[in-house]
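Structure assessment
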Amino acid sequence: MQLQLEYFLLLAAALFCIGIYGLITSRNAVRVLMSIELLLNAVNLNLMGFSNFLDPDTIRGQVFTVFVITVAAAEAAVGLAIILAIYRNRETIDMEQFNLLKW
Amino acid sequence: MNLAEGVQIVSFGILAALMIAAALGVVLFEKIVYSAFLLGGVFISISGLYILLNADFVAAAQILIYVGAVNVLILFAIMLVNKEEVFKPISGRWIRKAATALVCVGLFALLSTMVLATPWNLAAPITAPESTLILIGKHFFSDYLLPFELASVLLLMAMIGAIIIARRDFIPDIEAASSDQPLQTVWRLPERPRELTPTQGSSNQRK
């Protein structure tokens, strides 16, 4: 018995679903950002699995993973800056109260 | 990866269990600081899984960037908005939670049936390449050169944008002109006064 591609795909699917659950239900804005990181990591795990099992000679999946990590770092920085700005303005980090764009 | 198959299976199981448990903790813990530290656990477990997938460079990059940069950034953000806040209860919130959980479980069922039903035509026995680092470097400087350069521009943009968004605004403060001095505008960087979080128990130390 060897490690199969399916194991990694199932694991990534589970991580993705946990991330979506956290993204929708959490009320703390920082936790929403953490859930987004979980989602990006699930996608990365998928890419790495495919890269190892379907394309082991030219590991293009790993290149894509590096790009995704780059974008995730940039996203985290900007997202946390936005949270800080909102916190200064509204004195709260409750997602339910960020209803400026609600009509 | 030249480990025995049993070792691979066992380490995969341990890493997967750790990762799922830590991810559940990130989502479900009440205290946000615990969530942040568990997020580091998730990242480290994923890096271990990358090593099982013959990707040493990306595993190192994962630890360096995620644990070293993103997680620390999140911890700093938690400290900066460290306000002990009791969220107002919202009626019917458990319905939302239940519905979301239902949708997530359904999504997982859908994805797993898809994964198990698809016939993956796997490549012949996997042989780990000599060095992933050399291959990735060749990709970066030949066929992925443009995205690679654009990534650097993106990082620069993100850095400038984060600084501009998060910096405090200058608030001009007209000082009361004394009798002989002319009216002058003083520029200050006011910090919003914030209440320190009270510590539990009897100790008077600040957290």
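In this report, the structure presented in the accompanying data block is examined. Computed from a predicted structure; not experimentally measured. Throughout, a residue's number is its position along its own chain's written sequence, starting from 1. Following the order in which they are written, the chains are lettered starting with A and the ligands numbered starting with 1. At least 70 in pLDDT is required for a residue's local features to be given in this predicted model, at least 80 for side-chain atom pairs to be given and counted, and no such filter applies to totals for whole chains, interfaces and linings, which use all residues. Hydrogen atoms and water are omitted, and side-chain values are computed over all heavy atoms in the structure.

**Details of the overall build of chain A**
Along chain A, the regular secondary structure elements total 3 helices and 0 strands. Strands here are runs of E lasting at least two residues and helices are runs of H or I lasting at least four, both read from the DSSP assignment and numbered beginning at the N terminus. Helices (α) and strands (β) of chain A occur, in sequence order from the N terminus, as α-α-α. Radius of gyration: over C-alpha atoms. The globule rule applied is 2.2 Å multiplied by the number of residues raised to the 0.38 power. At 17 Å, chain A has a C-alpha radius of gyration far larger than the 13 Å of a compact globule built from 103 residues. Between buried and exposed lies partly exposed: a residue is buried under 20% and exposed over 50% of the maximum accessible area for its type, with that area taken using a 1.4 Å probe on protein chains only. Looking at the 103 residues of chain A, the share that counts as buried comes to 61%. A separation of at least 24 residues holds for 59% of the contacts in chain A among residues at least 6 apart in sequence. Shrake-Rupley sampling with a 1.4 Å probe provides the accessible areas, and residues are treated as covered by the protein chains on show and by no other component. Accessible area of chain A: about 4000 Å², with a carbon and sulfur share of 66%. Note on contacts: a residue pair qualifies if any of its non-hydrogen atoms lie within 4.5 Å across the two residues.

**Examining helix 3 (residues 56-80) of chain B**
Between the first and last residue of a helix there are one fewer steps than residues, each counted as 1.5 Å, and that sum is the expected span. When the terminal C-alpha atoms of helix 3 of chain B are compared, their 35 Å separation across 25 residues agrees well with the 36 Å that a helix rising 1.5 Å per residue should span. At any given residue, the bend is defined as the angle formed between two axes, one fitted to the seven residues that end at that position and one fitted to the seven that begin there. Helix geometry: helix 3 of chain B is bent most strongly at Tyr66(B), by close to 30 degrees. Buried within helix 3 of chain B we find Val58(B), Ala59(B), Ala61(B), Gln62(B), Tyr66(B), Val70(B), Asn71(B), Ile74(B), Leu75(B), Ala77(B) and Ile78(B). Structurally, helix 3 of chain B contributes buried residues whose contacts are with helix 2 (29-53) and helix 3 (60-90) of chain A together with helix 2 (32-52) and helix 5 (132-141) of chain B.

**Section: the pattern of salt bridges**
By convention in these notes, a salt bridge is any Lys or Arg side-chain nitrogen within 4 Å of a carboxyl oxygen on Asp or Glu. Under the criterion given, the structure shown has 3 salt bridges over all chains. Across the salt bridge formed by Arg60(A) and Asp55(A), the nearest N and O atoms sit 3.4 Å from each other.

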